[in-house]
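# Working through the structure, step by step
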Amino acid sequence: MQIERTSLAWTRLSLSMAAAALVVVRLGWARGSPAVVAAGVVSLLTLLAVTWTMRHRYRELVADLHEGRRHTMMQPGPLVVLAVVVLAAGGLLLAVS
């Protein structure tokens, strides 16, 4: 149960941040700011990596548990921090432009 909750939490985080990144891309595009669009796209790509990593690790962990091996779940913290920082930079660029 813990594994499923953790996986779902990372998925929810990625989806909500992807929605924010899409808003940044849309606003950057509307204002004609390539730097803001780039920040939003980099955030989206990073969040896709987070989602893929967590799905892959979840499947590995479930397979290990079914085979009786002990395994710990890796958290993609650095990728999430990168996505948040880039998304914040895009938001700041929107605010000053």
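Further up the page is the structure itself.
Residues numbered from 1 in each chain as written. Predicted model: local features only at pLDDT ≥ 70, side-chain atom pairs only at ≥ 80, totals over all residues. Heavy atoms only, no water.

The topology assignment puts Ser43 in helix 2 (residues 34–66). When its relative accessible area of 0% is taken as the criterion, Ser43 is described as buried. Here Ser43 is in contact with Ala21, Ala83, Val86 and Leu87, once residues within four sequence places are set aside. (Helix = DSSP H or I, 4+ residues; strand = E, 2+ residues; numbered from the N terminus. Buried < 20%, exposed > 50% of the residue type's maximum accessible area, 1.4 Å probe, protein only. Contact = heavy atoms within 4.5 Å.)

Between the first and last C-alpha of helix 1 (residues 2–31) there are 44 Å, a value that for 30 residues agrees with the 44 Å anticipated at 1.5 Å per step. Those residues of helix 1 not exposed but buried are Ile3, Thr6, Ser7, Trp10, Thr11, Ser14, Met17, Ala18, Ala21, Val24, Val25 and Gly28. Packed against the buried residues of helix 1 are helix 2 and helix 3 (77–96). Gly32 sits one or two positions beyond helix 1 and adopts a positive phi of about 70 degrees. (Expected span 1.5 Å × (residues − 1).)

A word on helix 3. For helix 3, which comprises 20 residues, the first-to-last C-alpha distance of 29 Å matches the rise-based estimate of 28 Å (1.5 Å per residue) to within 8%. Listed as buried for helix 3 are Val80, Ala83, Val86, Leu87, Gly90 and Leu94. Along the axis of helix 3, the buried residues cluster in a sector spanning 135 degrees; they form a single face. Exposed positions of helix 3 whose direction lies more than 90 degrees from the buried face are Pro78, Val81, Val85, Leu92, Ala95 and Val96. Turning to helix 3, the residues buried within the fold contact helix 1 and helix 2. (Arc of directions from axis to C-beta.)

This part is about the packing of helix 2 against helix 3. Think of two packed helices as two axes; the pair is described by the angle between the axes and how far apart they sit. Where helix 2 contacts helix 3, the two axes come as close as 8 Å, and the packing angle between them is 160 degrees. The angle between the axes of helix 2 and helix 3 places the two elements in the roughly antiparallel class. When you trace helix 2 past helix 3, the crossing you get is left-handed. Counting all contacts with helix 2, which are made through Ala35, Val36, Ala39, Val42, Ser43, Thr46, Leu47, Ala49, Val50 and Thr53, the residues of helix 3 involved are Leu79, Val80, Leu82, Ala83, Val86, Leu87, Gly90, Leu93 and Leu94. Each residue belonging to the contact of helix 2 with helix 3 can be placed in one class, and the counts come to 15 nonpolar, four polar and no charged. (Axes fitted to C-alpha atoms, helices over the stretch in contact; angles between N-to-C directions. Parallel < 35°, antiparallel > 145°, perpendicular 65-115°, else oblique. Left-handed = near helix turned anticlockwise from the far one by under 90°. Nonpolar A, V, L, I, M, F, W, Y, C, P; charged D, E, K, R; others polar.)

A word on the nonpolar core. Ranked by internal contacts, the top residues of the largest apolar core, which has 16 residues, are Trp10, Met17, Val24, Leu44, Leu47, Val80 and Leu87. Mapped onto this core, the elements with two or more residues apiece are helix 1, helix 2 and helix 3. For Leu44, the contacting residues outside a window of four places in its chain are Ala18, Ala21, Leu22 and Val25. (Core = buried A, V, L, I, M, F, W, Y, C linked by side-chain atoms within 4.5 Å.)

This part covers the pattern of salt bridges. Scanning all chains against the criterion turns up one salt bridge. Across the salt bridge formed by Glu60 and Arg57, the nearest N and O atoms sit 2.4 Å from each other. Pair noted here: Glu60 and Arg57 are both in helix 2, with a separation of three residues, about one helical turn. (Salt bridge = Lys/Arg side-chain N within 4 Å of Asp/Glu carboxyl O.)

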